2 protein chains.
Amino acid sequence: MPKKEFENDERTVERLKHLGQKIKKQLEDPEEGDLTIETKVRSKSNVEYDREKGRLSLGDSYSTRKFLNISHARKFMQTLMVASKTKELVERGRTASIREIYYQLKHSVPGLDENTFDDQDESNNVVVDIETATGAIREDLHLFAEPKGRLFGPIKINDSGDIIDGMNMGTSGMAINSIVDHFEFVECNADKILVVETSAMVNRLVEEDFHKEQDAVIIGTGGQPARGARRLINMMHNELDLPVYVFTDGDPWGYYIYSVLKSGSMSLAFQSDRLATPEARLIGMTM
Amino acid sequence: MPKKEFENDERTVERLKHLGQKIKKQLEDPEEGDLTIETKVRSKSNVEYDREKGRLSLGDSYSTRKFLNISHARKFMQTLMVASKTKELVERGRTASIREIYYQLKHSVPGLDENTFDDQDESNNVVVDIETATGAIREDLHLFAEPKGRLFGPIKINDSGDIIDGMNMGTSGMAINSIVDHFEFVECNADKILVVETSAMVNRLVEEDFHKEQDAVIIGTGGQPARGARRLINMMHNELDLPVYVFTDGDPWGYYIYSVLKSGSMSLAFQSDRLATPEARLIGMTM
């Protein structure tokens, strides 16, 4: 299989190096009293809803993380550890899951009764910090998450040289990987995308041949859509001009899933242009 | 798509009816002091390792659940609710996910400050209770779980009339559904099955064309293999005579994953003949 093209590799390494060099400069400067990392604020205060574009976006507030501030020191250490690990990955042309990053970096700090990370949420958060701090997205950092979601329907996808026919996937479906940016849509006979929250409903629709009879690409998200599924829906909508209908349970959680797919999420607001599909429409489900 | 064949439907309904009739008889009998459901004990005391077959199996101890015993009443109610719901599913020829069962049956009991179920673990457990109480397996009850796992490699699978070519799945893979019993293996050029714990390692192996160059079916389980993946591995091993190698992380959790795949799990010991593959071999991973 041809290697995935990481065309940004050089730029990504430059960005990570820049982060490290700033720290190094501070360390070497006798006048400098403090070690500081700057990341974009990702809390509510810095997330804006762009009415025109119909999606969330991140404002320009930065927060500083200082090594000598006792409440920042732990996060500071974590940030440098993850940044160093991802630089190694990019330079060596390897990929890793965010779960691997957690396990590879988790250890007790020698001489202290303290772990580098207590759970994976901590390291996942730091990964997003580094994305916003450097401008390199997770895919650039050679990081991916567990695959989640399935695809069925009249579309042929070139994935690394293999042509996958979504019309010929039985009840199984094509697994949607965490990284889908390299997909090419070589043939499409669909006239819509139906995004379905529950696996039960996907199974039922596929059993009824909905994707075949209604010329629909069915994307099962298995709950809140993962980054890969959101990116794939965004790509299919933009490149193939397919309308997107979101079919969720008729409850607040279903509406929340719809809003994330449509406008993006707070925590990934800096990625909304890649992940959100503002033209998506809700198909309510009554109970 | 042709409907999945549920050849056991009639028998399953009979089994569920039998459960209900026993309760009804007790209700109508003025001599009967108590409402009782019998289920097989699924705790350690009733699980045996069958040395000859190399897998766990369930013994013959039964436990009784009495409605008038205050510590049983809740479980008793839950058991009847789930049994009734699955009977409805089977009779109406519909399927549901175990998550749907939980949501459909969850409500506050009128007049009490008490929910029928507090979390999905409770209803999942009751589903297994009903499996052991009636002898009808989950697939017979028209219940399935979230799809989990991926397949790559030189094998063609007939899934409900579609022929899926595992050799042509790019970096995505075929999603492994919860129910795979209807699969037919129409062509196989593999000479082994490699079961891989982490998605990261699956991605790496697929990037390196391991499945193509080594004629291997790669099954990515994404951690502990789900019931569908375990059943599929069992089927491919038995029907195609393929040796199974389990490639996990070199830690106790990896060894546990191997043991479940090889010998079955405590909680599904009554299903070991379908789910376990005693001939599986471990490929250790050093760190």
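Note: the structure precedes this text.
These lines cover the structure that appears in this document, whether it is placed above or below. (Residues numbered from 1 in each chain as written. Chains lettered and ligands numbered in written order. Predicted model: local features only at pLDDT ≥ 70, side-chain atom pairs only at ≥ 80, totals over all residues. Heavy atoms only, no water.)

As for the interface of chain A and chain B
Right, so step 1: Taken residue by residue, the interface counts 39 residues in chain A and 39 residues in chain B.
Right, so step 2: For the pair chain A and chain B, the two sides together bury roughly 3,500 Å², of which 41% comes from carbon and sulfur.
Right, so step 3: Residue K212 of chain A is joined to D162 of chain B by a salt bridge in which the shortest nitrogen-to-oxygen separation is 3.4 Å.
Right, so step 4: If you look at where chain A meets chain B, you find 21 residue pairs in polar contact (both at pLDDT 80 or more).
Right, so step 5: Of all elements in the fold, only β9 (162–165), β10 (174–175) and α5 (199–207) of chain A reach the threshold of two or more residues within the side of chain A that touches chain B.
Right, so step 6: With six residues, the single largest contributor to the side of chain A that touches chain B is α5 of chain A.
Right, so step 7: When the residues that make up the side of chain A that touches chain B are grouped by side-chain class, the tally is 12 nonpolar, 14 polar and 13 charged. (Contact = heavy atoms within 4.5 Å. Buried area = accessible area lost by both parts, 1.4 Å probe. Salt bridge = Lys/Arg side-chain N within 4 Å of Asp/Glu carboxyl O. Polar contact = N/O pair within 3.5 Å; in protein donor to acceptor, adjacent residues only side chain to side chain. Helix = DSSP H or I, 4+ residues; strand = E, 2+ residues; numbered from the N terminus. Nonpolar A, V, L, I, M, F, W, Y, C, P; charged D, E, K, R; others polar.)

Section: the sheet that holds strand β11 (residues 184–188) of chain B
Residues and elements named next belong to chain B.
Right, so step 1: An order of β9-β8-β11 is seen for the three strands of this open sheet, with the pairing classed as antiparallel. Edge positions in the open sheet fall to β9 (162–165) and β11, since each of these has one partner strand only. The average undirected angle you get between the axes of adjacent strands in this sheet is 25 degrees.
Right, so step 2: For strand β8 (residues 155–159) and β9, the ladder comprises four bridges, and the chain directions are antiparallel. Counted as the bridge partner of D159 is D162 from β9.
Right, so step 3: Packed on one face of the sheet, helix α7 (residues 227–240) meets β8 and β11 and runs near 60 degrees to β11. (Pairing = 2+ DSSP bridges. Axes fitted to C-alpha atoms, helices over the stretch in contact; angles between N-to-C directions.)

Observations concerning the nonpolar core
Right, so step 1: Counting residues in each nonpolar core, the largest one holds 70 residues, and the members touching the most others are L151 of chain A together with L151 of chain B.
Right, so step 2: Once residues within four sequence positions are removed from consideration, L151 of chain A is found in contact with I157, G166, M169, G173, M174, I176, V217, I218, I219, L232 and M236 of chain A. (Core = buried A, V, L, I, M, F, W, Y, C linked by side-chain atoms within 4.5 Å. Buried < 20%, exposed > 50% of the residue type's maximum accessible area, 1.4 Å probe, protein only.)

A short note on the relation of the copies chain A and chain B
Right, so step 1: For the pair chain A and chain B, the relating rotation is 180 degrees, the translation along its axis is 0.0 Å, and the fit reaches an RMSD of 0.1 Å. Between the two chains, the operation in question is that of a two-fold axis. (Least-squares fit on C-alpha atoms with pLDDT ≥ 70 in both.)

Some points on the side chain of S199 of chain A
Right, so step 1: Mapped onto the elements, S199 of chain A comes out in helix α5.
Right, so step 2: Residues contacting S199 of chain A, with those up to four places away along its chain left out, are R150 and G222 of chain A together with F144, E146 and P147 of chain B.

A look at the pattern of salt bridges
Right, so step 1: All chains considered together, the criterion is met by 38 salt bridges over all chains.
Right, so step 2: For the salt bridge of E91 of chain A with K87 of chain A, the shortest nitrogen-to-oxygen distance reads 3.4 Å. You can see E91 of chain A and its partner K87 of chain A sitting in helix α2 (residues 73–92), four residues apart, about one turn around the helix.
Right, so step 3: Using a relative accessible area of 46% as the deciding quantity, one classes E91 of chain A as partly exposed.
Right, so step 4: On the basis of relative accessible area, K87 of chain A is assigned to the partly exposed category, the value being 24%.
Right, so step 5: Of the charged contacts, one joins D129 of chain B and R42 of chain B as a salt bridge, the two residues approaching to 2.6 Å between their closest N and O atoms. Of this pair, D129 of chain B sits in helix α4 (residues 120–134) while R42 of chain B sits in the loop between β1 (36–40) and β2 (47–50), and the two are 87 residues apart along the sequence.
Right, so step 6: The exposure class assigned to R42 of chain B is buried, which follows from its relative accessible area of 18%.

Some words on the sheet that holds strand β8 (residues 155–159) of chain A
Residue and element names in this part refer to chain A.
Right, so step 1: Strand order in the open sheet formed by three strands is β9-β8-β11, with antiparallel pairing between adjacent strands. The open sheet has two edge strands, β9 and β11 (184–188), and neither has a second partner. Taking the axes of each pair of neighbouring strands and ignoring which way they run, one obtains an average angle of 25 degrees across the sheet.
Right, so step 2: Helix α7 (residues 227–240) contacts β8 and β11 of the sheet and is inclined by roughly 60 degrees relative to β11.

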